[in-house]
Amino acid sequence: CLMQKKIVGIHQPNYLPWSGYFNKINNSDIFVILDSVDYQSGNSNSITNRTKIKTTNGELFITVPVNKPKSSKLIKDILIDNKQHWKTKHKKAITLSYVKAPFFKYYYPLIECIIDKDFTDLSSMNISLIKEICKVLDIKTEIVLSSSLNIDSQDKNQRIVDICKVLNCNTYLSGNGGKKYNDENLFNKNGISLEYVSFNQKQYTQLYGDFIVGISIIDMIFNIGKESVSFI
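As a starting point, this report considers the structure included with it.

Calculation notes
Residues numbered from 1 in each chain as written. Predicted model: local features only at pLDDT ≥ 70, side-chain atom pairs only at ≥ 80, totals over all residues. Heavy atoms only, no water. Helix = DSSP H or I, 4+ residues; strand = E, 2+ residues; numbered from the N terminus. Contact = heavy atoms within 4.5 Å. Areas by Shrake-Rupley, 256 points an atom, 1.4 Å probe, with all protein chains shown as cover. Lys, Arg positive; Asp, Glu negative; His and termini not counted. Charge placed at Lys NZ, Arg CZ, Asp CG, Glu CD. Axes fitted to C-alpha atoms, helices over the stretch in contact; angles between N-to-C directions. Parallel < 35°, antiparallel > 145°, perpendicular 65-115°, else oblique. Nonpolar A, V, L, I, M, F, W, Y, C, P; charged D, E, K, R; others polar. Pairing = 2+ DSSP bridges. Phe/Tyr/Trp six-rings, centres within 6.5 Å; stacked < 30°, edge-to-face > 60°. Lys NZ or Arg CZ within 6 Å of the ring centre and 35° of its normal.

Looking now at the overall build of the chain. Looking only at helices and strands, the chain features 8 helices and 9 strands. Expressed as lengths along the three principal axes of its C-alpha atoms, the size of the chain is roughly 55 × 45 × 30 Å. Sequence-distant contacts, at least 24 apart, represent 65% of the contacts inside the chain between residues at least 6 apart. Surface exposure of the chain reaches about 12100 Å², of which carbon and sulfur atoms provide 49%. In the chain, which carries 29 positive and 22 negative side-chain charges, the distance between the mean positions of the two groups comes to 4 Å.

What follows covers the packing of helix 1 (residues 19-26) against helix 4 (residues 122-136). Two numbers describe how helix 1 lies on helix 4: the axes approach to 11 Å, and their chain directions differ by 70 degrees. Judged by the angle between their axes, helix 1 and helix 4 are roughly perpendicular. For the pair helix 1 and helix 4, the contacting residues are Y21, F22 and I25 in the first and I130, I133 and C134 in the second. Per-class residue counts for the contact of helix 1 with helix 4 are 6 nonpolar, no polar and no charged.

With that settled, the discussion passes to the sheet that holds strand 7 (residues 142-145). Taken together, the 5 strands give an open sheet; going across it, the order is 7-2-1-8-9, and neighbouring strands pair in parallel fashion. Across the chains shown, the open sheet's two edge strands, defined by having one partner strand only, are strand 7 and strand 9 (193-196). Each neighbouring strand pair of the sheet contributes to a mean axis angle of 30 degrees, computed without reference to strand direction. The pairing of strand 8 (residues 171-174) with strand 9 spans 4 bridges and is parallel. Each residue of the ladder has a partner; that of Y172, found in strand 9, is L194. The sheet strands contacting helix 1 are strand 1 (7-11), strand 2 (30-33) and strand 8, and the helix crosses strand 2 at an angle near 130 degrees. Lying on the sheet, helix 5 (residues 156-166) is in contact with strand 1, strand 2 and strand 8; it crosses strand 1 at an angle near 135 degrees.

By the definition in use, this model includes 10 aromatic pairs. Taking 5.9 Å as the distance between ring centres and 15 degrees as the angle between the ring planes, the aromatic pair formed by Y172 and F187 counts as stacked. You can see Y172 sitting in strand 8 and its partner F187 sitting in helix 6 (residues 184-189), a full 15 residues away along the chain. Taken together, Y98, F104, Y108 and F222 form an aromatic cluster joined through their ring pairs. One cation-aromatic arrangement involves K156 over Y181; the distance from NZ or CZ to the ring centre is 4.1 Å. Residue placement shows K179 over the ring face of Y196; its charged tip is 5.0 Å from the ring centre.

Encoded structure:
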């Protein structure tokens, strides 16, 4: 008999990520938050501690300041630099940008409540925000932390294979960027199918002129509320 398809999606715990991140969670049977790999800092593509919002002046990155402990570079061990007044800045930037959005008053308190908590590490805060947004979007995918799986492979491809095996998943849902480094032979040899995300953000009504792709999911939630579900 044919084995039932069981899909795993894997991604680092980003800060208030864009809608494509939640599309990937929604299309996975199990979503693994990759908190046990090295934190990439100083990389223009690194968005583990920052996100983009849309303001009256266009796109704006808001960044959570971090301290990297000498003992570990792993994402789960990266500490928030709470000596800086980043919470006030982020809440002010978000409020100024979205207070006129139709659903701001319904959903902002959920975001504010998590930002205001006394998190010491970045990963825990980001994961709380991701899980809260999944509730808003009615996404019921099981979420697992890679740090709980006891996988120690340093090779990217072998790590994915090991995650699939531990979770009894036979299909890996990869981002399109993975085409550059996915070892298809290794996946085939281990009986794992490879699928690529095909997500093109449908346009919805944003504030401030022309539609911008790649903005934090909060832009969508504040602008179109529960309708966001059909845009994921």
